[in-house]
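# Summary of structural features
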Amino acid sequence: MNQYETVFIVTPVLSEEQMKEAVKKFQEYLKAKGAEIVHEEHWGMRKLAYPIQKKSTGFYHLVEYKADGQLIADLELAFKRDERIIRFLTVKLDKHAVAYNEKKRRKAKEAKGETAQA
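### Quick word on the sheet that holds strand E3 (residues 55-67)
Here four strands make up an open sheet; going across it, the order is E2-E3-E1-E4 and the pairing antiparallel. At either end of the open sheet lies a strand with only one pairing partner, and these are strand E2 (36-52) and strand E4 (85-93). Between one strand axis and the next, the sheet turns through 20 degrees on average, direction left out of account. In this sheet, E4 lies alongside strand E1 (residues 2-10) in antiparallel orientation, the contact comprising eight bridges. Looking at the pairing, Gln3 lines up with Leu93 of E4. The sheet contacts of helix H2 (residues 69-81) involve E1, E3 and E4, and relative to E4 the element is tilted by about 170 degrees.

Quick look at the structure:
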């Protein structure tokens, strides 16, 4: 099983609840297909670099997971079929990227732990 990272942008016309429902749909899709979700981040609403479907903002969400290669094609097809998703990008992580992501998460946890104790 390889490790992948997918960032997708949900259309900004949805309510917060509808956006969370769209994200949950893809979390459940990954789990149902046998993927192991390693990490998730919700980046919130951000400005797009250029307009997509006449929209200048979108809700960004990142999912890092372990899965078989065939799942990626199925996942991307599901993204294309869902009108709430305006863009997505999936990247296969090599061992250096995996180590970097783990180090970054560890540092973030340590920083949160220091601020909570102070």
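### Thoughts on H2
Count 3.6 residues to each turn of an α-helix, and residues three or four apart come out pointing the same way. Along H2, the positions that sit buried rather than exposed are Leu71, Ile72, Leu75, Ala78 and Phe79. For H2, the buried positions fall inside an angular range of 125 degrees around the axis, keeping them on one side. Projecting away from the buried face of H2 at angles above 90 degrees are the exposed residues Gln70, Lys80 and Arg81.

### Points about helix H1 (residues 16-32)
Given a rise of 1.5 Å per residue, 17 residues ought to cover 24 Å, and the 24 Å separating the end C-alpha atoms of H1 matches this to within 8%. Listed as buried for H1 are Met19, Ala22, Val23, Phe26, Gln27 and Leu30. Looking down the long axis of H1, one finds its buried residues gathered within 135 degrees of arc, a one-sided arrangement. Those residues of H1 that are exposed and angled more than 90 degrees off the buried face are Glu17, Lys20, Lys31 and Ala32.

### Structural notes on the packing of H1 against H2
To describe two helices that pack against each other, one gives the angle between their axes and the distance between the axes. Close contact between H1 and H2 brings their axes to 11 Å; oriented N to C, the two are set at 155 degrees. By the criterion of interaxial angle, the relationship of H1 to H2 is roughly antiparallel. Judged by the sense of rotation from one axis to the other, the crossing of H1 with H2 is right-handed. For the pair formed by H1 and H2, the contact residues are Phe26, Tyr29 and Leu30 on the first element and Leu71, Asp74, Leu75, Ala78 and Phe79 on the second. When the residues that make up the contact of H1 with H2 are grouped by side-chain class, the tally is seven nonpolar, no polar and one charged.

### Quick word on the environment of Arg84
The topology assignment puts Arg84 in the loop between H2 and E4. Its relative accessible area of 17% is what places Arg84 among the buried residues. The spacing of Arg84 and Tyr29 is 55 residues in sequence and 15 Å in space, taken between C-alpha atoms. Discounting chain neighbours no more than four positions away, the residues touching Arg84 are Ile9, Val10, Thr11, Leu14, Gln18, Glu21, Ala22 and Lys25.

The rules behind these values
- Residues numbered from 1 in each chain as written.
- Predicted model: local features only at pLDDT ≥ 70, side-chain atom pairs only at ≥ 80, totals over all residues.
- Heavy atoms only, no water.
- Pairing = 2+ DSSP bridges.
- Helix = DSSP H or I, 4+ residues; strand = E, 2+ residues; numbered from the N terminus.
- Axes fitted to C-alpha atoms, helices over the stretch in contact; angles between N-to-C directions.
- Contact = heavy atoms within 4.5 Å.
- Buried < 20%, exposed > 50% of the residue type's maximum accessible area, 1.4 Å probe, protein only.
- Arc of directions from axis to C-beta.
- Expected span 1.5 Å × (residues − 1).
- Parallel < 35°, antiparallel > 145°, perpendicular 65-115°, else oblique.
- Left-handed = near helix turned anticlockwise from the far one by under 90°.
- Nonpolar A, V, L, I, M, F, W, Y, C, P; charged D, E, K, R; others polar.

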